[in-house]
Amino acid sequence: MLFGLKKLFTSLGDTPSDDPKISYHLALATILVEVMMADDDINQREVEKILEVLKNQTGLNSEVDSIFEEAKEQSKVANDMFKYTKVINEQASNLEKDEIMRCLWRIAYADSQLDEYEDHRIRRISELLYVPHSDFIRTKLEVKKELNC
């Protein structure tokens with residue numbers, strides 16, 4: 001019996017992921033969508049802000065709508081954000097993560113109010129991105145001041 005359990009745990013660690021390779025653009029879009037969907041109220045201003053952020057952050061124009069739609073699907077089936085934040089952690093610098101945090105706050109404040117679920121979701125994402133708590137708070141206050149909320 002112990003051999004069977006050991007074999008099971010060993011095989012779980014060795015199996016390759018069934019997920020196809022996630023692009024940086026899709027990972028970014030998915031965490032943005034997660035914040036938008038956190039309060040179960042999808043606001044058109046939030047959608048527009050996500051599309052704007054994706055265009056600015058990725059340099060893509062024509063593919064942004066398809067990436068956004070794929071991110072919505074990914075968000076629906078995702079158990080957690082680890083596989084998306086992992087891609088970002090592998091490719092983004094601390095300065096880029098700082099800007100990502102600002103983008104997350106801009107989406108949360110797009111409807112002029114911060115929902116507690118949005119705040120909580122951004123907090124969890126920031127932890128997965130290894131963003132210090134002081135930067136989490138700083139970016140929140142900067143965006144709040146920027147948007148006069």
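Residues numbered from 1 in each chain as written. Predicted model: local features only at pLDDT ≥ 70, side-chain atom pairs only at ≥ 80, totals over all residues. Heavy atoms only, no water.

1. Considerations on the overall build of the chain
- Helices and strands together make up the secondary structure of the chain, namely 8 helices and 0 strands.
- For the chain, the α and β elements follow one another from N to C terminus as α-α-α-α-α-α-α-α.
- Per-residue burial for the chain yields a buried fraction of 42% across its 149 residues.
- When the accessible surface of the chain is split by element, carbon and sulfur atoms take 52% of a total near 9,000 Å². (Helix = DSSP H or I, 4+ residues; strand = E, 2+ residues; numbered from the N terminus. Buried < 20%, exposed > 50% of the residue type's maximum accessible area, 1.4 Å probe, protein only. Areas by Shrake-Rupley, 256 points an atom, 1.4 Å probe, with all protein chains shown as cover.)

2. Re helix H7 (residues 116–128)
- With 13 residues, H7 ought to run about 18 Å at 1.5 Å a step, and its terminal C-alpha atoms sit 19 Å apart, in line with that.
- Every buried residue of H7 is accounted for by Glu-118, Asp-119, Ile-122, Ile-125 and Ser-126. Along the long axis of H7, the arc covered by the buried residues comes to 130°, so they all point the same way.
- Buried residues along H7 sit in contact with helix H2 (24–37), helix H3 (44–58), helix H5 (82–91), helix H6 (94–108) and helix H8 (133–146).
- For H7, the capping residue at the N-terminal end is Asp-115, with a side-chain oxygen 2.8 Å from the backbone nitrogen of Tyr-117. (Expected span 1.5 Å × (residues − 1). Arc of directions from axis to C-beta. Contact = heavy atoms within 4.5 Å. Polar contact = N/O pair within 3.5 Å; in protein donor to acceptor, adjacent residues only side chain to side chain.)

3. So, the packing of H2 against H5
- Where H2 meets H5, the closest approach of the two axes is 8 Å, and the angle between their N-to-C directions is 125°. The angle between H2 and H5 places the two elements in the oblique class. Viewed along their axes, H2 and H5 form a crossing whose handedness is left-handed. Across the interface between the two elements, Tyr-24, Ala-27, Leu-28, Thr-30 and Ile-31 from H2 touch Tyr-84, Thr-85, Val-87, Ile-88 and Gln-91 from H5.
- Split into classes, the residues belonging to the contact of H2 with H5 amount to 7 nonpolar, 3 polar and no charged. (Axes fitted to C-alpha atoms, helices over the stretch in contact; angles between N-to-C directions. Parallel < 35°, antiparallel > 145°, perpendicular 65-115°, else oblique. Left-handed = near helix turned anticlockwise from the far one by under 90°. Nonpolar A, V, L, I, M, F, W, Y, C, P; charged D, E, K, R; others polar.)

4. Quick look at the pattern of salt bridges
- Scanning all chains against the criterion turns up 16 salt bridges.
- Here Arg-121 makes a salt bridge to Glu-34, at a shortest N to O gap of 2.6 Å. Separated by 87 residues along the polypeptide, Arg-121 in helix H7 and Glu-34 in helix H2 bring together distant segments of the chain.
- Ionic contacts of the salt-bridge type, sharing partners, join the residues Asp-98, Glu-99, Arg-102, Arg-106, Asp-135, Arg-138, Glu-142 and Glu-146 into one network. (Salt bridge = Lys/Arg side-chain N within 4 Å of Asp/Glu carboxyl O.)

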